[in-house]
Amino acid sequence: HYHFDSVAQHLSFDNNTRHLSARENALLHALAINLNRVVNSNQLLTDIWGNNSYYNLRSMNVYISKLRLYLADDRRIEISSVRGVGYCLRINT
């Protein structure tokens, strides 16, 4: 069971706490408040990186990969890609 504290920028699982970078935190927060809904990539880029350039898109893809690794301990949680649209944080039951 994960605990995400966006104010302290911590993600915890089984007494292991990971401090998130500002962008990791902002990205996970944006996905979490839109749980089970697709969040538009351009909106994420504009809100978190300041613009939606190709280089920022590549950077965001790296951050998404990191978050997927951080959340890998619970197979019910997934960040899925919706090609050409954005990302969706899902909790499968």
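None of these values were measured; they are calculated from a predicted model. (Residues numbered from 1 in each chain as written. Predicted model: local features only at pLDDT ≥ 70, side-chain atom pairs only at ≥ 80, totals over all residues. Heavy atoms only, no water.)

Asks: How do you make sense of the pairing of strand β3 (residues 16-19) when you look at a structure like this?
Replies: Each regular strand carries side chains that alternate between the two faces of the sheet. Where strand β2 (residues 10-13) and β3 come together, four bridges link them in antiparallel fashion. Bridge assignment links F13 to a residue of β3, and that residue is N16. Hairpin connection between β2 and β3: a loop of two residues separates the two successive antiparallel strands, and D14 in this loop has a positive phi of roughly 50°. (Pairing = 2+ DSSP bridges. Helix = DSSP H or I, 4+ residues; strand = E, 2+ residues; numbered from the N terminus.)

Asks: Looking at this model, I keep getting lost on the side chain of S12. Mind explaining?
Replies: Mapped onto the secondary structure, S12 falls in strand β2. Classification of S12 by relative accessible area gives buried; the value is 18%. A polar atom in the side chain of S12 sits 3.0 Å from the side chain of T17. Those residues in contact with S12 that lie beyond four places of it in its chain are H1, Y2, H3 and T17. (Buried < 20%, exposed > 50% of the residue type's maximum accessible area, 1.4 Å probe, protein only. Polar contact = N/O pair within 3.5 Å; in protein donor to acceptor, adjacent residues only side chain to side chain. Contact = heavy atoms within 4.5 Å.)

Asks: It is not clear to me how helix α1 (residues 22-33) should be interpreted in this structure. Could you clarify?
Replies: Side chains three or four residues apart in an α-helix point the same way, a direct result of the helix having 3.6 residues per turn. With twelve residues, α1 should reach 16 Å at 1.5 Å per residue; the first-to-last C-alpha distance of 16 Å fits that figure. Within α1, the full set of buried residues consists of E24, N25, L27, L28, A30 and L31. (Expected span 1.5 Å × (residues − 1).)

Asks: So what exactly am I meant to see when it comes to the sheet that holds strand β5 (residues 77-82) here?
Replies: Strands belonging to one sheet form pairs held by backbone hydrogen bonds; the direction of such a pair is parallel or antiparallel. Taking strand neighbours across the sheet as the criterion, the three strands line up as β4-β6-β5 in an open arrangement whose pairing is antiparallel. Only two strands of the sheet have a single neighbouring strand rather than two, namely β4 (39-40) and β5. The sheet contacts of α1 involve β4, β5 and β6 (86-91), and relative to β6 the element is tilted by about 65°. On the sheet, helix α3 (residues 54-70) packs against β5 and β6 and is oriented at approximately 155° with respect to β5. (Axes fitted to C-alpha atoms, helices over the stretch in contact; angles between N-to-C directions.)

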